[in-house]
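Next come the chains, spelled out residue by residue.
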Protein chains: 2
Amino acid sequence: MAGEAYLDYPKENIKSFLGEHPIEALFIPYAGVTLSYDTYETKVNDRFKEIGHSVKSIHHFENPIEAVLKAEAIVIGGGNTFELAKQLQNNKLIEPIVSKVKSGTPYIGWSAGSNMACPTIRTTNDMPIVEPESFNVLNLVPFQINPHYLDAHPEGHGGETREDRINEFIELNQNIYVVGLREGCMLKFENENLKLIGERKCRIFKYNNSPKELSKNDDFNFLLK
Amino acid sequence: MAGEAYLDYPKENIKSFLGEHPIEALFIPYAGVTLSYDTYETKVNDRFKEIGHSVKSIHHFENPIEAVLKAEAIVIGGGNTFELAKQLQNNKLIEPIVSKVKSGTPYIGWSAGSNMACPTIRTTNDMPIVEPESFNVLNLVPFQINPHYLDAHPEGHGGETREDRINEFIELNQNIYVVGLREGCMLKFENENLKLIGERKCRIFKYNNSPKELSKNDDFNFLLK
């Protein structure tokens, strides 16, 4: 979140999601483009250590598929969504991650890592700097997330607003919900229950419906149907 | 351009580019998602009529490939770059447009239509709302354009700046130039000469080089090598 230390606001939520027992989570740094995997790992690990956990990056493992299959938790950080999807696909990690998470291993993703949890990367904000094999990704939830959702529009800018972009998405993808997730908010899915965490509302888009603003006390399970 | 009537600022440049003789240009509206092709055609045609020319949209032709091959000029408007690339590819128009333009037919594109002129769509700002066959497009020029280039960054936004995004692009695409084209500016290629039109500078990015700000009196032909 802008104006705060990296990954600071969600750390207590990550702590309670991972539980009391100290966990060494598998970290996937593939979205990082202009920082090294080592640097990225350190940045994330420093924060995880503050909450009694740690991460080890997948680039240290000789066999990344095996690393996924043995992971206690899987953590995917932000960066470029296209590069992340491409590396996950090139390394044949999509299926292993899906089966691991569906069997109960905790998954944590932010920014590009939250885009990965969706059926496709079609609601990313990132520039398509590389071409992945496919736009299909983990499909852990049946709706799309638009992370860093913002209402502001830079002055003097002739391009589309974020809402314009999502309206184009729902025009061509009429059967799927999009959750515009504002800074400082999270979605948590646990025990068949989906919740919003954070003090700001999120904005829900669906074709032929007016956008809806929902807050943390609202029911979000309609998104799972 | 924000704060001005649609397609107003470039109209005199379009007029001089197309010449004295009234032309009926072929208009490709495929980037339009939330407006109909008819509406889009009218919007563009109204402006072209002000300068003694006109457009006819490709959706009125039974055979779109033949429409391209017979066109006096080809005009591609803005909207969503991914949808535009997908429709051009689905309709098998990439090769016909390339051969037509390389044999001397004028090409005019703005926003998503300028992304089409590049080797790939990898420097678009648009959301990847649909998955095209490929990111490769017309390759009429050997460099990438980033249209609507902007320096501002919305307050409270934790995502990347435009410059961050392009820096990620050049990190993974080290042999190609990117031209950040600010609102109200154009690139014109005619008689083997590339020029910037407009009162603002454009920002040139290349791997391992500091970004350069060039203005209309500078030489741009290094981009063609």
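**Student:** What is the right way to look at the nonpolar core in this model?
**Tutor:** One recurring pattern in soluble globular proteins: nonpolar side chains tend to sit buried together. Membership of the largest hydrophobic core comes to 58 residues, with the highest contact counts inside it found for Leu88 of chain A together with Leu88 and Ile97 of chain B. Apart from residues lying up to four places away in sequence, Leu88 of chain B is in contact with Ile28, Tyr30, Ile76, Leu93, Ile94, Ile97 and Met116 of chain B. Leu7, Ile23, Ala25 and Ala73 of chain A belong to the second largest nonpolar core, which has 16 residues in total.

**Student:** In this structure, what is going on with the sheet that holds strand 1 (residues 24-28) of chain B? I would like to understand it.
**Tutor:** Backbone-to-backbone hydrogen bonds pair the strands of a sheet. The strands run either parallel or antiparallel. Residue and element names in this part refer to chain B. Spatial ordering of the open sheet is given by 2-1-3-4, a layout of 4 strands whose pairing is parallel. In this open sheet, the two strands that pair with only one neighbour each are strand 2 (54-57) and strand 4 (107-109). When strand polarity is set aside, the average angle formed by the axes of neighbouring strands in this sheet is 30°. Bridge count between strand 1 and strand 2: 4 bridges; the pairing is parallel. Its bridge partner lying in strand 2, Glu24 is registered against Ser54.

**Student:** When you look at the side chain of Thr124 of chain A in this model, what are you seeing that I'm missing?
**Tutor:** By secondary structure assignment, the location of Thr124 of chain A is in the loop between helix 6 (112-116) and strand 5 (144-149). Polar contacts involving the side chain of Thr124 of chain A include one to the main-chain amide nitrogen of Asp126 of chain A, which spans 3.0 Å. Excluding its chain neighbours within four sequence positions, the residues that come into contact with Thr124 of chain A are Thr81, Phe82 and Asn115 of chain A together with Met127 and Pro128 of chain B.

**Student:** It is not clear to me how the domain arrangement of chain A should be interpreted in this structure. Could you clarify?
**Tutor:** Reports of interface size often rely on the accessible area that becomes lost once the parts have come together. All names here are of chain A. Domain annotation for chain A reports domain 1 (1-121) and domain 2 (141-225). Tallying the contact residues gives 12 residues for domain 1 and 16 residues for domain 2. Summed over both partners, the interface of domain 1 with domain 2 buries about 1100 Å², with 58% contributed by carbon and sulfur atoms. Of all residues in domain 1, the largest losses of buried area upon contact with domain 2 belong to Tyr9, Phe17 and Pro119, amounting jointly to 33% of the total for that side. Counting every contact that joins domain 1 to domain 2 gives 0 salt bridges. Inspection of the domain 1/domain 2 interface yields 4 residue pairs in polar contact (both at pLDDT 80 or more). Of all the elements in the fold, those that place two or more residues in the side of domain 1 that touches domain 2 are helix 1 (11-18) and helix 6. The class makeup of the residues in the side of domain 1 that touches domain 2 is 7 nonpolar, 5 polar and no charged.

**Student:** Explain the pattern of salt bridges here, please?
**Tutor:** Within this structure, the stated rule accounts for 24 salt bridges over all chains. The salt bridge involving Asp151 of chain A is made with Arg182 of chain A; its shortest N-O contact spans 3.0 Å. Of this pair, Asp151 of chain A sits in the loop between strand 5 and helix 7 (162-172) while Arg182 of chain A is found in strand 6 (residues 178-182), placing the two residues 31 residues apart along the sequence. For the salt bridge of Arg165 of chain A with Asp126 of chain B, the shortest nitrogen-to-oxygen distance reads 3.7 Å. With one member in each of two chains, Arg165 of chain A in helix 7 and Asp126 of chain B in the loop between helix 6 (112-115) and strand 5 (144-149) form a pair that bridges those chains. Using a relative accessible area of 11% as the deciding quantity, one classes Arg165 of chain A as buried. Exposure remark for Asp126 of chain B: the relative accessible area of 8% places this residue in the buried category.

**Student:** In this structure, what is going on with the pairing of strand 5 of chain B? I would like to understand it.
**Tutor:** Regular strands show a simple pattern: their side chains alternate between the two faces of the sheet. Residues and elements named next belong to chain B. Of all 6 residues in strand 5, 6 are buried, a share of seventy percent or more. By the bridge criterion, 4 bridges tie strand 5 to strand 6 (residues 178-182) in an arrangement that is parallel. Along strand 6, the bridge assignment pairs Ile145 with Val179.

**Student:** Honestly, helix 7 of chain A in this entry has me stumped. Any pointers?
**Tutor:** Because each turn of an α-helix spans 3.6 residues, side chains separated by three or four positions end up pointing in the same direction. For helix 7 of chain A, the full list of buried residues reads Arg162, Arg165, Ile166, Glu168, Phe169 and Ile170 of chain A. On its buried face, helix 7 of chain A is in contact with strand 5, strand 6 and strand 9 (202-205) of chain A.

**Student:** Looking at this structure, I do not really get the relation of the copies chain A and chain B. What am I missing?
**Tutor:** Taken together, a rotation about one axis and a shift along it account for how the two chain copies relate. Relative to chain B, chain A is turned by 180° and slid 0.0 Å along the rotation axis, the superposed coordinates differing by an RMSD of 0.0 Å. Taken together, the rotation and translation describe the operation of a two-fold axis. A share of 100% of the interface residues of chain A reappears at the interface of chain B, consistent with the copies meeting face to face through the same patch.

Here is what the cut-offs are and how they apply
Every chain is numbered on its own, with residues counted from 1 as its sequence reads. A letter from A marks each chain and a number from 1 marks each ligand, given out in the order of writing. Predicted model: local features are reported for residues with pLDDT of at least 70 only, side-chain atom pairs are reported and counted for 80 or more only, and whole-chain, interface and lining totals are derived from all residues. With hydrogens and water set aside, each side-chain value is computed from the structure's full complement of heavy atoms. What is meant by a nonpolar core is a set of buried Ala, Val, Leu, Ile, Met, Phe, Trp, Tyr and Cys residues, joined one to another through side-chain atoms within 4.5 Å. Only protein chains enter the accessibility calculation, which uses a 1.4 Å probe; a residue whose area is less than 20% of its type maximum is buried, one above 50% is exposed, and one in between is partly exposed. Contact between two residues is taken to exist if any of their heavy atoms lie within 4.5 Å; hydrogens are not considered. Pairing between strands is defined by DSSP: at least two bridges between them are needed. Under the scheme used here, helices are H or I runs from DSSP no shorter than 4 residues and strands are E runs no shorter than 2 residues, and both carry numbers assigned from the N terminus. For helices, the fitted axis covers only the stretch in contact; all axes are lines through C-alpha atoms, and the angles between them, taken along N-to-C directions, range from 0 to 180 degrees. Pairing of N or O atoms within 3.5 Å defines a polar contact, subject to two protein rules: one partner must be a possible hydrogen donor and the other a possible acceptor, and residues neighboring in sequence count only if both atoms are side-chain atoms. Domain start and stop positions are those given by an automatic or database domain assignment. Note on terms: buried area is the combined drop in 1.4 Å-probe accessible area of two parts once they are placed together, counting the loss on both. Just to be clear on terms, a salt bridge is a Lys or Arg side-chain nitrogen sitting within 4 Å of an Asp or Glu carboxyl oxygen. Polar here means any residue other than Ala, Val, Leu, Ile, Met, Phe, Trp, Tyr, Cys and Pro, which are nonpolar, and Asp, Glu, Lys and Arg, which are charged; Gly is therefore polar. In superposing the copies, a least-squares fit is computed on C-alpha atoms, taking residues whose pLDDT is at least 70 in both.

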